[in-house]
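Chain by chain, the residues run as shown.
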Amino acid sequence: SHEKAAEHRHAELKALLDELSEFLMLFREVYGPLVRRVQSFQDVMRSDHSRFLVVTSPRAAQIEEACYFVDELHRRQLPLGGYVVNRCARQVPPAVKDADVAALTRHLQKAGIDGSLGARLAEELHKTAREQDALSNRDRRSVERLREANRGELPMVLIPTLPGGVHSVRGLAELVPWLVGRMET
């Protein structure tokens, strides 16, 4: 019984080695063309016609990842074309940012919204403007880290957070003005 088990293991091992040998023989036939395709792909990636764009968000952790990725591109001698920083918090217009609740209330009164509703809306608008300003400043500081790493050498496009996000071709089309400038029709 012990001898039969050993013979069985030996037969299984021989069958495995035979299959592995056959696989390696077949792989040898595709190895050369595979290496040539990989080399061809690498040549295209390093050519003067290729550029990598680093797309990131303005959050500190993602900016650090982007800087790491840029270092890897440089290490591998792959051409970097620029940066896209997506979902940046919009800056609050100075007229809103600098206004106090009383000034906002007066502005709403001129627009026909007065009384307690106008006062509540002015308070909420003031609070929201402060929160948006804090988010915008946070994003600006994070993007500054990327600008320092870039040393102003390559283009950097900042795309604001769009209402509803980008989840369709129509949403992608909304990015065109930021990516390539306004197109005349």
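Note: the structure precedes this text.
Per-chain numbering applies: the sequence of each chain, read as written, is numbered from 1 onward. The model is predicted, so local features are restricted to residues of pLDDT at least 70 and side-chain atom pairs to those at 80 or more, both for listing and for counting; the totals for chains, interfaces and linings are taken over all residues. Water and hydrogen atoms play no part in the side-chain values, which are based on all heavy atoms of the structure.

Colleague: What is the right way to read the pairing of strand β1 (residues 52–56) from this model?
Modeller: Two faces, one strand: in a regular strand the side chains alternate between the faces of the sheet. We treat two strands as partners when DSSP finds at least two bridges between them. Here a helix means four or more residues in a row that DSSP labels H or I, a strand means two or more in a row labelled E, and each is numbered from the N terminus. Direction of pairing for β1 relative to strand β2 (residues 80–88): parallel, over a ladder of five bridges. Residue pairing across strands places L53 opposite G82, the latter belonging to β2. For the crossover that starts at β1, traverses helix α2 (residues 60–75) and ends in the parallel β2, the hand is right-handed. A crossover gets the label right-handed when its path from the first strand over the helix to the second runs clockwise, viewed with the strands pointing away from the viewer.

Colleague: In this structure, what is going on with helix α5 (residues 115–150)? I would like to understand it.
Modeller: Here, expected helix span is obtained from the residue count minus one, scaled by 1.5 Å. Relative to the 52 Å expected for 36 residues at 1.5 Å per residue, α5 spans 52 Å between its end C-alpha atoms, a close match to the ideal helical length. Here α5 has its buried residues at G118, A122, H126, A129, D133, S136, D139, S142, V143, L146 and N150. Positioned one or two residues after α5, R151 has a phi angle of 55°, which is positive. Buried means the residue's accessible area, taken with a 1.4 Å probe over protein chains only, is under 20% of the maximum for its type, while exposed means over 50%, and partly exposed covers the values in between.

Colleague: What exactly am I supposed to notice about the sheet that holds β2 here?
Modeller: In sheet architecture, strand pairing relies on hydrogen bonds along the backbone and comes in two forms, parallel and antiparallel. Judged by pairing direction, the sheet is parallel, and its three strands sit side by side in the order β1-β2-β3 without closing on themselves. Both outer strands of the open sheet, β1 and β3 (156–160), are each paired with one neighbouring strand and no more. Taken pair by pair, the neighbouring strands of this sheet meet at an average axis angle of 20°, ignoring direction. Pairing between β2 and β3: four bridges, direction parallel. If you follow V85 over to β3, its bridge partner there is L158. Pairs of residues are marked as contacts when any of their non-hydrogen atoms sit within 4.5 Å. What counts as an axis is a line fitted to C-alpha atoms, over the stretch in contact for a helix, and the angles between N-to-C directions run from 0 to 180 degrees. Across the sheet, α2 touches β1 and β2, and the angle it forms with β1 is around 165°.

Colleague: What's the story with the side chain of E72 in this structure? I'm lost.
Modeller: Looking at the secondary structure, you find E72 in helix α2. Classification of E72 as buried rests on a relative accessible area of 17%. Within polar-contact distance, the side chain of E72 engages the side chain of R75 at 2.9 Å. In protein, a polar contact requires one atom able to donate a hydrogen and another able to accept it; more generally it is a pair of N or O atoms within 3.5 Å, and residues adjacent in sequence count only if both atoms are side-chain atoms.

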